[in-house]
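Here is what each chain is made of, one letter per residue.
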Amino acid sequence: MAVNFTRELNCLSDAPSLWRGIADTERMNRAVGLGRIEVAPLEGAGAARYLVKTRVGGVRLEYEERPFEFVENERLFFRRVQRRGPVAWLEMGCTLAPAGNGGTRVGFTLALQPRNMLWAPIVRLEGRRTIDSFIEAARDLDRELLRTGCLPPGVRTSEANEAALARAAGVLLREVAPARRALVEKLVELVRSGSDQEVSRMRPLELAEAWKVDGRELLAVCLGAVEAGLLELSWDLICPSCRSAVRRTASLAEVPEAGHCHLCDITFGTEPHQAVEATFHPPASIRAIDSGPYCVGGPVRTPHVVAQALLPAGGEASLAAPREPSRLRLFLRGGPTASVQVAPGAADAVRVEAHADRIAPAGIELAPGGKLLVVNRTGAETHAKLERIEWASARRHHAHAHRAARIPRRGTPPMRAAAYQADPSRVTRAQPKNAPPPAAPPDRPASRRALLASRAPGAESPGARSAR
Ligand SMILES: [Zn+2]
């Protein structure tokens, strides 16, 4: 018989603020002291896409990771089938409900099926400890949100080498224009005291938004920091659907011709206008950060996804539309999509059929807060998600300087491409000899067709995810 735990907590913060912390499962898992995980792609296990290995209390665990099911700002749920370890399966859920005073009632549930009677007492003990630590972590989030308006700093397990940091900072301060020195100080402080998660994949434009400074300025400072030895530059291959990094390379020359997202089961081109993003992290000589991962499935990894559900083989699932008018895309694992317009006056519920190669109908209108009933005709357990299109467009526009839009690729020194990002006019007028032709507009039909049609076997390296 399964062991069940339920806990509730009244928070004073609103649900969207708490969601940013709770649904960031990488941050939560670090906060509650769970172990680092090793991730390998998995085939033929229904909706499960990864096999995860980790340790809890010295005990080795191995489990199948299915995509999380969630509705943004409201709830998340996951089920893990363990191949090795004291439980046969576990299910964990979290709900966030408005509490009337502007606050939120947060509920956690945990169900664990001990593998046998011998394990039952330990499972009961560990289960109670786990759910209590999640409640404590949620309480910390609420407290810090009320105190500062920001999420609490994440876990920091590595210390900076102060001498090496001071040396690199000194070089950078000497090199930059006086007007940029304040930004350098801020960057150095982040490298010194940011959480391991924060500094393992620094994205200048996102940081600039949080710091309320000019993105181009910060990007220029980050590029200077690479020259000064304070930061290293990496190139992340970004899945066009889930927008997570499926692979990281040290130089643009190593970026492959095609990327494969094992989670979404799509293969995509890495033409210069799409799919590649520059990120920064300190070298190990300055700070030996723990870059994880501690989780691969949390909703905050895919902030443009408003809802995601598993579709049982031959069954169906319901996806909730946002309460405000929006343009969305329904995505089925493997690539089929349908456009979803959320508009007042449209139907409260719409039923669609998901086939391996298409979704019918391909255009859907739904009322705000409406239900999209997805019937699974693929013959196997799979998953579907509702993605916000406005977010993706705004993000693409905003992140334009980040990514390899029009960045020369193969054989091109990374710094030249990076220089483009700091100042496009410097590079676009001086293309190197072997540069590819200028990129087509982002949504050109050919690349979209290629994205949807291609399902070639994985070009992704097995360690790609765990390398992040
Ligand atoms: Zn993906």
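Everything numeric here is computed off the predicted structure, so don't read it as measured data.

Helices and strands together make up the secondary structure of the chain, namely twelve helices and 22 strands. When each of the 468 residues of the chain is scored for burial, the buried share is 40%. The contacts in the chain between residues at least 6 apart in sequence include a share of 64% that link residues at least 24 apart.

What follows is about unusual backbone geometry. Note the cis peptide between Gly-292 and Pro-293, where omega equals 5 degrees. Structurally, Pro-293 is set in the loop between strand 13 (276–281) and strand 14 (305–311). Of the consecutive residues Ala-360 and Pro-361, the connecting peptide bond is found in the cis state with omega at 0 degrees. Inspection of the secondary structure assignment puts Pro-361 in the loop between strand 19 (359–360) and strand 20 (363–366). A positive phi angle, close to 60 degrees, is found at Asp-265, a residue other than glycine. By secondary structure assignment, the location of Asp-265 is in the loop between strand 11 (258–261) and strand 12 (266–269).

The next point concerns the sheet that holds strand 15 (residues 316–320). Pairing is mixed in the open sheet, where four strands are placed in the order 15-21-18-19. Strand pairing shows two members of the sheet lacking a second neighbour, strand 15 and strand 19, which therefore form its edges. Across six bridges, strand 18 (residues 349–354) lies against strand 21 (residues 371–376) in parallel orientation. Residue pairing in the sheet places Arg-351 in a bridge with Leu-373 of strand 21.

This brings us to the sheet that holds strand 13. Here we have three strands laid out as an open sheet, ordered 10-9-13, and antiparallel in their pairing. Taken across any chain shown, the strands that pair with only one partner, and hence form the sheet edges, are strand 10 (245–249) and strand 13. Across the sheet, the mean angle separating the axes of adjacent strands is 35 degrees when strand polarity is ignored. Here strand 9 (residues 232–238) runs beside strand 13; their pairing, made up of six bridges, is antiparallel. When the sheet's bridge partners are listed, Glu-232 is paired in strand 13 with His-281.

Turning to the packing of helix 4 (residues 162–175) against helix 8 (residues 215–228), a few remarks are in order. Their axes nearest at 9 Å, the elements helix 4 and helix 8 cross at an angle of 125 degrees. Here helix 4 is positioned oblique relative to helix 8, judged by the angle of their axes. Note on packing geometry: the crossing formed by helix 4 with helix 8 is right-handed. Facing Ala-168, Val-171, Leu-172 and Glu-175 of helix 4, the residues of helix 8 in contact are Gly-224, Ala-225 and Ala-228. Taken together, the residues of the contact of helix 4 with helix 8 break down into five nonpolar, one polar and one charged.

A separate point is helix 4. Helix length check: helix 4, at 14 residues, gives a terminal C-alpha distance of 20 Å against a target of 20 Å (1.5 Å per residue), a fit within 8%. Residues of helix 4 that are buried: Ala-168, Ala-169 and Leu-172. Seen end-on, helix 4 carries its buried residues on one side only, within an arc spanning 100 degrees. For helix 4, exposure combined with an orientation more than 90 degrees from the buried face picks out Ala-163 and Arg-174. Looking at the buried residues of helix 4, the elements they touch are helix 5 (181–193) and helix 8.

Orientation of helix 7 (residues 204–211) relative to helix 8, taken along the N-to-C sense of each, is 125 degrees, at an axis distance of 8 Å. Between helix 7 and helix 8, the angle is such that the two are oblique. For the element pair helix 7 and helix 8, the recorded crossing hand is right-handed. In this structure, helix 7 contributes Pro-204, Leu-205, Leu-207 and Ala-208 to the contact, and helix 8 contributes Gly-215, Leu-218, Leu-219 and Cys-222. Counted by class, the contact of helix 7 with helix 8 contains seven nonpolar, one polar and no charged residues.

Next up on the list: the environment of Glu-74. Position of Glu-74 among the secondary structure elements: in the loop between strand 5 (69–71) and strand 6 (75–84). The contacts of Glu-74, once residues within four sequence positions are left out, are Thr-95 and Leu-96.

All right, on to the pairing of strand 4 (residues 59–65) then. Sheet topology note: the strand 3 (residues 50–56)/strand 4 ladder contains seven bridges and is antiparallel. By the bridge assignment for strand 4, Val-56 is matched with Val-59. Connecting the antiparallel pair strand 3 and strand 4 is a turn made up of two residues, with Gly-57 showing a positive phi of about 55 degrees. Here strand 4 pairs with strand 6 via four bridges, running antiparallel. The residue bridging Glu-64 from the neighbouring strand is Val-81, located in strand 6.

What counts and what doesn't
Residues numbered from 1 in each chain as written. Predicted model: local features only at pLDDT ≥ 70, side-chain atom pairs only at ≥ 80, totals over all residues. Helix = DSSP H or I, 4+ residues; strand = E, 2+ residues; numbered from the N terminus. Buried ≥ 20, exposed ≤ 12 C-beta atoms within 10 Å, placed from the backbone. Contact = placed C-beta atoms within 7 Å. Pairing = 2+ DSSP bridges. Axes fitted to C-alpha atoms, helices over the stretch in contact; angles between N-to-C directions. Parallel < 35°, antiparallel > 145°, perpendicular 65-115°, else oblique. Left-handed = near helix turned anticlockwise from the far one by under 90°. Nonpolar A, V, L, I, M, F, W, Y, C, P; charged D, E, K, R; others polar. Expected span 1.5 Å × (residues − 1). Arc of directions from axis to C-beta.

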